[in-house]
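Working through the structure, step by step
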Amino acid sequence: MAATTSTFHKEVEMVKPTRQRVMGILFILAGVAIWFLFIRGVAPGTLTKFGMTPGGMQATIPDMILPSLPTLYFLSAMCIALGAAQLIRKGGFRKSTNIVLGAVAGMFIFGFLTYGAAGKSLNLAGLLNVSLSKAVPLTLGALSGILSERAGVVNIAIEGMMLSAAMTSCMAASITDNLWIGVLVGVLTGALYGVVHGVLSIKYKVNQIISGTAINIFSTGITSYISAKFLQHFESLNQSGTFPAYPVPVLSKIPFIGPIFFNHNMYVYAMYIFLVVLTVALFKTKWGLRLRSVGEHPKAADTLGINVFKTRYMAVILGAMMAGFAGSYFTLGSVGRFDEVMTAGRGFIALAAMIFGNWMPFGAFGAGILFGFTDAVASKLAILQLHIPSQFLLMAPYIVTMIVLAGVVGRSQMPAADGTPYEKEGD
Amino acid sequence: MSDDKLSNVPEEEAQKAPKPEKQDAGKIFLEEVTAGPPKHLPRWRRTLQSILVPLLAIFLGLVCGGIIIILTSASVWAAFQVSIMAGLKESWNVVATAYSALFVGAFGRPGDLIKAISSGNPKLINLAIYPFTDGLVAATPYIFAGLSVALGFRAGVFNIGAEGQLFLGAIFAAFVGYSLKGLPWFIHMPIAFLAGAVGGGLWGFIPGWLKAKTGAHEVINTIMMNYIAFRLSDWLLTGPMKRPDSFNPVSPTIEPSAALPKFFGDPVRLHLGFIIALLVAWLVSWYLFKTKWGFDLRTAGTNPRAARYAGMSVAMQIMLGMTLAGALAGMAGGNEVLGVNHNLAMAFSSGYGFDAIAIALLGNSSPFGVVLASLLFGFLRSGATNMMLKTGIPNDIVSVVQAFILVFIAAPAITRTIFRLKQPAKGEEVVLVTSWGGK
């Protein structure tokens, strides 16, 4: 399969002009879609009211009231203009094509919200605030995947690691009455799974996907088992409480942005820190260079004296600890109790976010926010009285990941040796 | 890792001086891995060796499950506080009760069966054979789904999306089952069943096509397709396919003409699906090993370069392999709807698609092995219900046991180390999959 894959890669990369055209057409289609889907459904003269402060907070800026139709006309025209520019200009927007794509996607979403809330009001700030909360486990899970996949070990067990860590952290926090001990236990649970995944896939060279699947099955089984046997009978084991929201002193006072980004509990701030630390560590330090070299070309790394096995173990275990931390969010950062299979596939959306974000921390964060946003909008659909089934919005993360993976709107680049066990050559 | 130093130990020397109690486990393990292929063994011994690892994996899986049962049993902890002997005795008691309840739940009591047959009362006979037949009912979807993953392995693709394909199969089968009315059973039932295969095949074709055309890895795509399938069925069951008079997300009941016929009276649920499953297993075996198409598929799966050199289209085989795998998983969904539930509800699958990976590996990706592994998993599942009723041990322990079996089977070297078995001859172990990066 090696040959097929690489030739396909080449084909896709060679047809750059086609990609430019596809993008241009896509932008125009977005504009046309705004016209047909949204503009025709809005009566003239209606207003859309966007709330600019999340609920339960002192309003610092007034609500934004937009005339629905002119706004939509403007958005539609902008999309079509960008598309036309992309097609007419030689080479389109070149390197900034992806930024333009993001802008068009943003305008389309804004158009959708304007249409949905026409004649009503929608708390935009609240929506974004919820999106960010929902993005936390996805982003942290994706960071876990990035750590281990950048070193060449595929981890599809993020789901299982998060689920077990959610349970153990909740139990530990309930017993000790200390949330931080809960977090610690969650991280250690992750580390334990990391050791198992590492030993199986690095030492014993078990297929990494099988090892991950085994961990997922095990984790679902053991958490449901313990939940049915203990947690449902002893409620005191399952009352951890949650971390309180802590507004950052100065930053949370910034109008609009402050309440959205800086009025959350510990997990969101930890996520910011991890994002920065990981980006710097992976791309600016010797440690990160070594880790990535092991994921791209282990043999070359080995020749240069880097211990491939050790590096991979470290990456897998650190990644698993991150997954454990992400798992503790479900109980300690969100609802304060454990329920069977409460992660509900979020580990796989985290995997999708990692791919969508092109194996980059901030890319994964962007993807996490986008996926969290679709989740948040899906729960608002009923309130907006839009007759779009929420399930279709919830499908969106998976579909866009498949599209990105197929290389239609841009190819994601996975580490070259991702998923290949390293065999030291016999001497 | 100290491979380098240890692998220098001459093989003959290691074999001549078998002092297992003096060697440490790591050394034994390395020996197991590095030992050369055995000399020309008679065929039966090689066969024995190839089934020994699965058997030992099952045994170890059950042992690990037993350890977890012991560790989570309050009475054991209490007994250990009295004395160590009492604790050990209680541990044995707990596990023995649990596993014998599991066994009785899976196979029934032979005594009851003899009594029932001698009394000649059909009702009693049905009651006596109920546990055994229910194990077969539980094994049926495993056979289809296991074949799906196994066929994928043979074609060199990792079908982790059997669960989603199963949902699509169930949706299609249920739709044909309740919407077509007035057909005779011998037309309606096959159409409904095949509709399931078509639904699953469609869901398998998409990632296969994407892989062949763009190189996008099928593992990621099938995972994504799983969740798309869950959302899709969620939508259908709360919207278009919802039973009009029900508040629950359930589809209408299928027409009696679409249902797979049952062999016995109530409560025995054994239905035609089990026979179809066996037939399909035979068909897959015939296709893989007796036809030119199967040869192409396997060659493309194990050695794509050679296949391309021989003029086969690997891309075509990938698409075909994924589509067939999807169709098989779709049959599992159709089987559940038409044979067991007679409607489609959200929670109709208890992760068959994921367990199927363990089954395909346990069966060494051969259809016959898949049938055996499915029977094991089916009996484990059906027996666990009885265990939960009798001993209060949650039936989720079966998933734990399955995960352990999967680990031990996937890492035969570990199992062999523990039991100091010799590695089977090269070429006997199926090349499972090419890895993530496609290398």
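Model, not experiment: these values are computed from the prediction.

Definitions and cut-offs
Residues numbered from 1 in each chain as written. Chains lettered and ligands numbered in written order. Predicted model: local features only at pLDDT ≥ 70, side-chain atom pairs only at ≥ 80, totals over all residues. Helix = DSSP H or I, 4+ residues; strand = E, 2+ residues; numbered from the N terminus. Rg over C-alpha atoms; globule rule 2.2 N^0.38 Å. Buried ≥ 20, exposed ≤ 12 C-beta atoms within 10 Å, placed from the backbone. Contact = placed C-beta atoms within 7 Å. Expected span 1.5 Å × (residues − 1). pLDDT = per-residue confidence, 0-100. Pairing = 2+ DSSP bridges. Core = buried A, V, L, I, M, F, W, Y, C linked by C-beta atoms within 7 Å. Domains from an automatic or database assignment. Axes fitted to C-alpha atoms, helices over the stretch in contact; angles between N-to-C directions. Parallel < 35°, antiparallel > 145°, perpendicular 65-115°, else oblique. Left-handed = near helix turned anticlockwise from the far one by under 90°. Nonpolar A, V, L, I, M, F, W, Y, C, P; charged D, E, K, R; others polar.

What follows concerns the overall build of chain A. Broken down by element type, chain A carries 16 helices and five strands. Whereas a compact globule of 427 residues would reach a radius of gyration of roughly 22 Å, chain A reaches 23 Å, a difference of no more than 12%. Projected onto its principal axes, the C-alpha positions of chain A cover 75 × 60 × 40 Å. Counting only residues that meet the buried cut, chain A has 50% of its 427 residues in that class.

Let's shift gears to the overall build of chain B. The number of helices and strands found in chain B is 19 helices and zero strands. Considering chain B as a whole, with its 439 residues, one finds that 52% of them fall into the buried category. Within chain B, contacts between residues separated by at least 24 positions form 77% of all contacts whose residues are at least 6 apart in sequence.

Before going further, it helps to examine helix α10 (residues 185-214) of chain B. The terminal C-alpha atoms of α10 of chain B, which comprises 30 residues, lie 43 Å apart, in line with the 44 Å expected from a rise of 1.5 Å per residue. Downstream of α10 of chain B by one or two residues, Gly215 of chain B has phi in the positive range, about 80 degrees.

All names here are of chain B. Overall, the prediction assigns chain B a mean pLDDT of 80, with 83% of residues at 70 or greater. Confidence scores differ between elements of chain B, with helix α1 (residues 3-6) showing the lowest mean pLDDT of 42 and helix α12 (residues 272-290) the highest of 93. Confidence drops under a pLDDT of 50 for residues 1-23, and excluding neighbours within four residues, the segment shows 16 contacts in the predicted structure. Low pLDDT (under 50) marks residues 32-37, which in the prediction has 12 contacts with non-local residues, meaning those over four places away or in another chain. For this predicted complex, the interface score ipTM comes out at 0.79, while the overall pTM is 0.82.

The next point concerns the pairing of strand β1 (residues 47-51) of chain A. Residue and element names in this part refer to chain A. Both β1 and strand β2 (residues 64-67) contribute to a ladder of four bridges, which runs antiparallel. When the sheet's bridge partners are listed, Thr48 is paired in β2 with Leu66. Taken together, the three bridges between β1 and strand β3 (residues 121-123) define a ladder with parallel strand orientation. Among the inter-strand pairings, Phe50 is bridged to a residue of β3, identified as Leu122.

Counting residues in each nonpolar core, the largest one holds 253 residues, and the members touching the most others are Ala353 of chain A together with Phe144, Ala145, Leu147, Ala173, Ala356 and Leu406 of chain B. Of all the elements, helix α13 (residues 308-335) of chain A adds the most residues to this core, at 16 residues. Each of domain 1 (8-119) and domain 2 (130-382) of chain A contributes no fewer than three residues to this core. Setting aside residues up to four positions removed in sequence, Ala145 of chain B forms contacts with Ala162, Leu166, Ala329, Ala332, Tyr352, Gly353 and Ala356 of chain B.

Before going further, it helps to examine the environment of Phe59 of chain B. Note on placement: Phe59 of chain B falls in helix α4 (residues 43-71). On a C-alpha basis, the gap between Phe59 of chain B and Phe404 of chain B in space is 10.0 Å, while along the polypeptide they are 345 residues apart.

A separate point is the packing of helix α9 (residues 162-179) of chain B against helix α15 (residues 314-341) of chain B. Any two packed helices are characterised by the angle at which their axes cross and by the distance between the axes. Residue and element names in this part refer to chain B. Interhelical geometry of α9 versus α15 gives an angle of 50 degrees and a closest axis separation of 6 Å. When the axis of α9 is compared with that of α15, the two are oblique. Seen along the crossing, α9 lies across α15 with a hand that is right-handed. Along its contact with α9, which presents Ala162, Gln165, Leu166, Phe167, Leu168, Gly169, Ala170, Ala173, Ala174 and Gly177, the element α15 presents Gly326, Ala329, Gly330, Met331, Ala332, Gly333, Gly334, Glu336, Val337 and Leu338.

The α-helix advances 3.6 residues per turn, and as a result positions three or four apart in sequence lie on the same side. All names here are of chain B. In this model, helix α6 (residues 84-107) (24 residues) spans 34 Å end to end at C-alpha, consistent with the 34 Å of a helix rising 1.5 Å per residue. Restricting attention to buried positions, one finds in α6 the residues Ser91, Val94, Val95, Ala98, Ala101, Leu102, Gly105 and Ala106. Looking one or two places after α6, you find Gly108, whose phi comes out positive at around 80 degrees.

Residues and elements named next belong to chain A. The strand order β2-β1-β3 describes an open sheet built from three strands, whose pairing is mixed. Taken across any chain shown, the strands that pair with only one partner, and hence form the sheet edges, are β2 and β3. Ignoring which end each strand starts from, the neighbouring axes of this sheet average 20 degrees apart. Along the sheet, helix α3 (residues 68-88) makes contact with β1 and β2, crossing β2 at roughly 75 degrees.

The subject of this paragraph is the environment of Phe175 of chain B. Residues and elements named next belong to chain B. Residue placement: Phe175 occurs in helix α9. With 22 C-beta atoms counted inside 10 Å, the residue Phe175 sits in the buried group. With 66 residues separating them along the chain, Phe175 and Met241 place their C-alpha atoms 7.8 Å apart.

Here we take up the packing of helix α16 (residues 390-406) of chain A against helix α11 (residues 218-238) of chain B. Here α16 of chain A crosses α11 of chain B at 160 degrees, and the two axes come no closer than 9 Å. As far as their axial angle goes, α11 of chain B and α16 of chain A are roughly antiparallel. Two packed elements cross with a definite hand, and for α16 of chain A against α11 of chain B that hand is left-handed. Each of Gln391, Phe392, Leu394, Met395, Tyr398, Ile399, Thr401, Met402 and Leu405 of chain A in α16 of chain A lies in contact with α11 of chain B, whose residues at this interface are Ile220, Asn221, Met224, Tyr227, Ile228, Arg231, Asp234 and Trp235 of chain B. Residue classes in the contact of α16 of chain A with α11 of chain B are distributed as 12 nonpolar, three polar and two charged.

This paragraph deals with the confidence of the model for chain A. Of all residues in chain A, 91% have pLDDT values of 70 or greater, and the mean over the chain is 82. Overall, residues 1-15 of chain A carries pLDDT values under 50, and its contacts beyond four positions in sequence, including any with other chains, amount to 19 contacts.

Further remarks concern the environment of Leu75 of chain A. Residues and elements named next belong to chain A. Topologically, Leu75 is positioned in helix α3. Assessed through the 26 C-beta atoms surrounding it within 10 Å, Leu75 is described here as buried. Remark: the alpha-carbon pair of Leu75 and Leu188, spanning 113 residues in sequence, is separated by 49 Å. With residues up to four places along the chain from it excluded, the contact list for Leu75 reads Ile34, Met107, Phe110 and Gly111.

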